[in-house]
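Understanding the architecture of this molecule
In case you want the letters, here they are:
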Amino acid sequence: MSNQVTRREMETWLLSNGFRKLKGGMTGHVQYEGPGVKITLPGHGPQDLTKKHVALILRALTAAGFDRERVRRELGL
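What comes next concerns the included structure. (Residues numbered from 1 in each chain as written. Predicted model: local features only at pLDDT ≥ 70, side-chain atom pairs only at ≥ 80, totals over all residues. Heavy atoms only, no water.)

1. With respect to the sheet that holds strand β2 (residues 29-34)
Keep this limit in mind: Here, a strand pair is defined by DSSP locating no fewer than two bridges between the strands. A run of H or I in DSSP becomes a helix once it reaches four residues, and a run of E becomes a strand once it reaches two; helices and strands are each numbered from the N terminus. Working rule for contacts: check all heavy atoms of both residues, and any pair within 4.5 Å makes them a contact. Every axis corresponds to a line fitted to the C-alpha atoms, with the helix fit spanning only the stretch in contact, and the corresponding angles, defined between N-to-C directions, vary from 0 to 180 degrees.
Reading across from one edge, β1-β2-β3 is the order of the three strands in this open sheet, with antiparallel pairing throughout. One side of each edge strand has no neighbouring strand; the edge strands of this open sheet are β1 (20-21) and β3 (37-42). Both β1 and β2 contribute to a ladder of two bridges, which runs antiparallel. Looking at the pairing, arginine 20 lines up with glutamate 33 of β2. Sheet strands in contact with helix α1 (residues 7-16) are β1, β2 and β3, and its direction is about 160 degrees off that of β3.

2. What about the packing of α1 against helix α3 (residues 68-75)?
Our working definition: Throughout this description, any angle smaller than 35 degrees is read as roughly parallel, any larger than 145 degrees as roughly antiparallel, any in the 65 to 115 degree range as roughly perpendicular, and the remainder as oblique. In this scheme, a crossing is called left-handed if the near helix is turned counterclockwise away from the far one by less than a right angle; it is called right-handed if the turn is clockwise. Asp, Glu, Lys and Arg are counted as charged, while Ala, Val, Leu, Ile, Met, Phe, Trp, Tyr, Cys and Pro are counted as nonpolar; the rest, among them Gly, fall into the polar class.
Packing of α1 against α3 leaves a shortest axis separation of 11 Å and a crossing angle of 130 degrees. As far as their axial angle goes, α3 and α1 are oblique. The crossing of α1 and α3 is right-handed. Listed contacts from α3 to Glu9, Met10 and Trp13 of α1 are Arg70, Val71, Glu74 and Leu75. Residue composition of the contact of α1 with α3, grouped by class: four nonpolar, no polar and three charged.

Structure follows, in structure tokens:
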């Protein structure tokens, strides 16, 4: 699938844009907290994020004040 985003790419983008990784609990997910938003990534399974998951993350980032087109461009979408 073209324009696929991996968990590692998303994690790198989040960390370079002011997010911090939260201490994990008993779930298999990894949470990142940034300015006005909390993003959850799967911690297991396939490395590629689904289109739906990427769309939900983009929507949350846009609602928190990030420029949608800049995020898309930086993630290679």
